[in-house]
Amino acid sequence: MLPSYLTMAAILFCIGLYGALVKRNAVIVLLSIELMLNAVNLNLVAFSKYGVVPSLTGQVFALFTITVAAAEAAVGVAVLIALFRARGTVNIDEFDEMRR
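Definitions and limits used
Residues numbered from 1 in each chain as written. Predicted model: local features only at pLDDT ≥ 70, side-chain atom pairs only at ≥ 80, totals over all residues. Heavy atoms only, no water. Helix = DSSP H or I, 4+ residues; strand = E, 2+ residues; numbered from the N terminus. Rg over C-alpha atoms; globule rule 2.2 N^0.38 Å. Buried < 20%, exposed > 50% of the residue type's maximum accessible area, 1.4 Å probe, protein only. Contact = heavy atoms within 4.5 Å. Axes fitted to C-alpha atoms, helices over the stretch in contact; angles between N-to-C directions. Parallel < 35°, antiparallel > 145°, perpendicular 65-115°, else oblique. Left-handed = near helix turned anticlockwise from the far one by under 90°. Nonpolar A, V, L, I, M, F, W, Y, C, P; charged D, E, K, R; others polar. Expected span 1.5 Å × (residues − 1). Arc of directions from axis to C-beta. pLDDT = per-residue confidence, 0-100. Polar contact = N/O pair within 3.5 Å; in protein donor to acceptor, adjacent residues only side chain to side chain.

1. A few points about the overall build of the protein
Phase 1: A tally of helices and strands in the protein yields three helices and zero strands.
Phase 2: Each helix (α) and strand (β) of the protein, taken in turn from the N terminus, gives the series α-α-α.
Phase 3: A compact globule built from 100 residues should have a C-alpha radius of gyration of about 13 Å, whereas the protein, at 17 Å, is more than 25% larger.
Phase 4: Each of the three principal axes of the protein carries a C-alpha extent, and together these read 55 × 25 × 15 Å.
Phase 5: A total of 100 residues make up the protein; the buried ones form 21% of that total.
Phase 6: Considering only contacts in the protein between residues 6 or more positions apart, those separated by 24 or more positions represent 51%.

Right, here's the structure in full:
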């Protein structure tokens, strides 16, 4: 049972990594980072349930990771809205300078 969870988490992580490295839209990059964090959560819960010593530790860490991901999404979207209002685009290539 554990290898199927790990395979699914690896696929999710690879899709998220591809999106974060290749795409130029900042919204897609934020969604890709969320996919990678969800892959980590899947690994934590799978090892918590099917690991050598099953315990709730992985599930507790997954809850902390979900909290950090929610805060990251809120701050990221707020920064993205501010950048869009200032520059009029969400293209990552346009954000190469601190001030214009």
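Next, the rest of the story.
2. Re the packing of helix H1 (residues 2–22) against helix H2 (residues 26–50)
Phase 1: Orientation of H1 relative to H2, taken along the N-to-C sense of each, is 165 degrees, at an axis distance of 7 Å. Judged by the inter-axis angle, H1 sits roughly antiparallel to H2. Between H1 and H2 the crossing geometry is left-handed. Contact residues: Leu2, Tyr5, Leu6, Met8, Ala9, Leu12, Phe13, Ile15, Gly16, Leu17, Gly19 and Ala20 in H1; Val29, Ser32, Leu35, Met36, Ala39, Leu42, Asn43, Ala46, Phe47 and Tyr50 in H2.
Phase 2: Residues of the contact of H1 with H2, tallied by class, amount to 18 nonpolar, four polar and no charged.

3. Considerations on H1
Phase 1: With 21 residues, H1 ought to run about 30 Å at 1.5 Å a step, and its terminal C-alpha atoms sit 30 Å apart, in line with that.
Phase 2: Among all positions of H1, only Leu2, Ala9, Leu12, Gly16 and Gly19 are buried. The arc enclosing the buried residues of H1, seen along the axis, measures out at 125 degrees, which places them on a common side. Exposed residues lying more than 90 degrees from the buried face of H1 are Pro3, Cys14 and Leu21.
Phase 3: On its buried face, H1 is in contact with H2.

4. Topic: the confidence of the model for the protein
Reading fine detail from the predicted coordinates is not recommended where pLDDT is low.
Phase 1: Per-chain confidence: the protein averages 91 in pLDDT, with 97% of residues scoring 70 or above.
Phase 2: Highest mean pLDDT in the protein belongs to H1 (96); lowest belongs to helix H3 (residues 57–87) (92).

5. Observations concerning H2
Phase 1: Over its 25 residues, H2 extends 36 Å from the first C-alpha to the last, a length consistent with the 36 Å expected when each residue adds 1.5 Å.
Phase 2: Among the residues of H2, Ala26, Val29, Leu30, Ser32, Glu34, Met36, Ala39, Asn41, Ala46 and Ser48 are the ones counted as buried.
Phase 3: N-capping of H2 is provided by asparagine 25, with a side-chain oxygen placed 3.2 Å from the backbone N of valine 27.

6. Details of the side chain of serine 32
Phase 1: Of note, serine 32 is situated in helix H2.
Phase 2: On the accessibility criterion, serine 32 (5% relative accessible area) is buried.
Phase 3: Only 2.8 Å separates the side chain of serine 32 from the backbone oxygen of isoleucine 28, close enough to count as a polar contact.
Phase 4: In contact with serine 32, not counting residues within four places along its chain, are Gly16, Gly19 and Ala20.

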